[in-house]
Amino acid sequence: MNKILIIFFLQNIILGQFDNITNGFGLDIGSNGSGLFFTRNYMHNSNKYSLNGEIRLYDIKGGEETIVYDIYSGRYQTVGGKSLFMTPILLGVNYFPFANKIANNFAPFLTLKSGANMILDGKEVGSFSDRWSSPDVQFSYSGFIGAGIDFKWANQTSVILNIGAEILPLRQEADGENNYSGFLIHISFNRLKK
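Residues numbered from 1 in each chain as written. Predicted model: local features only at pLDDT ≥ 70, side-chain atom pairs only at ≥ 80, totals over all residues. Heavy atoms only, no water.

Asker: Please explain the overall build of the chain as it appears in this structure.
Answerer: A count of helices and strands for the chain gives two helices and twelve strands. By the burial criterion, 35% of the 194 residues in the chain qualify as buried. Taking contacts inside the chain between residues at least 6 apart in sequence as the whole, the part at least 24 apart equals 59%. A total accessible area of about 11,800 Å² is found for the chain, and carbon and sulfur atoms account for 63% of it. (Helix = DSSP H or I, 4+ residues; strand = E, 2+ residues; numbered from the N terminus. Buried < 20%, exposed > 50% of the residue type's maximum accessible area, 1.4 Å probe, protein only. Contact = heavy atoms within 4.5 Å. Areas by Shrake-Rupley, 256 points an atom, 1.4 Å probe, with all protein chains shown as cover.)

Asker: Is there a simple way to think about the sheet that holds strand S8 (residues 136-152) in this case?
Answerer: Two pairing modes exist for strands in a sheet, parallel and antiparallel, and in both the strands are linked by backbone hydrogen bonds. If you walk around this closed barrel you meet the eight strands as S1-S2-S3-S6-S7-S8-S9-S12, and the pairing is antiparallel. Strand after strand, the sheet turns through a mean of 25° between neighbouring axes, direction not considered. (Pairing = 2+ DSSP bridges. Axes fitted to C-alpha atoms, helices over the stretch in contact; angles between N-to-C directions.)

Asker: Hey, could you run me through the environment of isoleucine 89 in this one?
Answerer: Residue placement: isoleucine 89 occurs in strand S6 (residues 84-95). Considering only alpha carbons, one finds isoleucine 89 and asparagine 117, 28 residues apart in sequence, at a separation of 6.2 Å. The residues contacting isoleucine 89, other than those within four sequence positions of it, are Glu54, Ile55, Ser114, Gly115 and Ala116.

Asker: How should I be thinking about the pattern of salt bridges in this particular structure?
Answerer: Two side chains that carry opposite charge are able to pair once their charged atoms sit near each other. Evaluation of the coordinates by the stated rule reveals five salt bridges. A salt bridge links aspartate 28 to arginine 56; the shortest N-O distance between them is 3.6 Å. Separated by 28 residues along the polypeptide, aspartate 28 in strand S1 (residues 20-30) and arginine 56 in strand S3 (residues 49-60) bring together distant segments of the chain. Given a relative accessible area of 2%, arginine 56 falls into the buried group. Among the ionic contacts, a cluster of salt bridges with common partners joins Asp28, Glu54, Arg56, Lys113 and Glu166. (Salt bridge = Lys/Arg side-chain N within 4 Å of Asp/Glu carboxyl O.)

Asker: Explanation requested: a nonpolar patch on the surface in the structure shown.
Answerer: There is a patch of nonpolar side chains on the surface, built from Phe25, Leu27, Leu36, Phe38, Ile55, Leu57, Ile89 and Phe189 and spanning about 700 Å² of accessible area. Breaking the nonpolar patch down by element, the ones donating at least two residues are S1, strand S2 (33-43) and S3. With respect to the helices and strands, leucine 36 occurs in strand S2. Owing to a relative accessible area of 43%, leucine 36 belongs among the partly exposed residues under this scheme. (Patch = residues over 30% accessible without salt bridge, like charges linked within 9 Å, V, L, I, M, F, W, Y side chains within 5 Å.)

Asker: How should I be thinking about the packing of aromatic side chains in this particular structure?
Answerer: In this description, a pair of aromatic rings is defined by centroid distance and the angle of the planes. One pass over the structure, following the stated rule, counts two aromatic pairs. Considering the side-chain rings of phenylalanine 25 and phenylalanine 189, the 5.9 Å spacing of their centres and the 40° angle between planes classify their relative orientation as tilted. Of the two residues, phenylalanine 25 sits in strand S1 while phenylalanine 189 sits in strand S12 (residues 182-192), which places them 164 residues apart along the sequence. Since its relative accessible area comes to 38%, phenylalanine 189 is described here as partly exposed. (Phe/Tyr/Trp six-rings, centres within 6.5 Å; stacked < 30°, edge-to-face > 60°.)

In short, geometric facts, not functional conclusions.
Written as structure tokens, this is what we have:
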């Protein structure tokens, strides 16, 4: 019973200071692929930091991947591609070093996130159902470190731009590589939770 009271007390102290909660979605454009993500952000009342969580849906591209037109079938086809899909789940913090010092509607910040990554590696040839009917699955850790700007709008929405390094190592080799870390541009569209 004492443990439950302590947990309830700590939860009210910590989460009670985070009044502005935003939900959002966005686009990732990285050196190894691209994808979508969904995020939730808890801004501290001091405006100096925020806690956030996100889940990404990330399609890894091959280095030689391109789209070509097949004159015999009359369709476009992807050649040199990889059937590799990642789902990083990250928790992190944004630190706003210039909080309450800039009068405009933008807030620069530094960010650090870490979490788990589920990797699905399908076959490289065949139809969509052939490639993804029984993919190899593995789990690893993931992370992101970078800097960004939160552009706040008057209608309780914001656009957040992050640029940095994503960390995507694998426990086992997939499609000839064991590390898909690289540069990432992370653009998020957020709205204040009502």
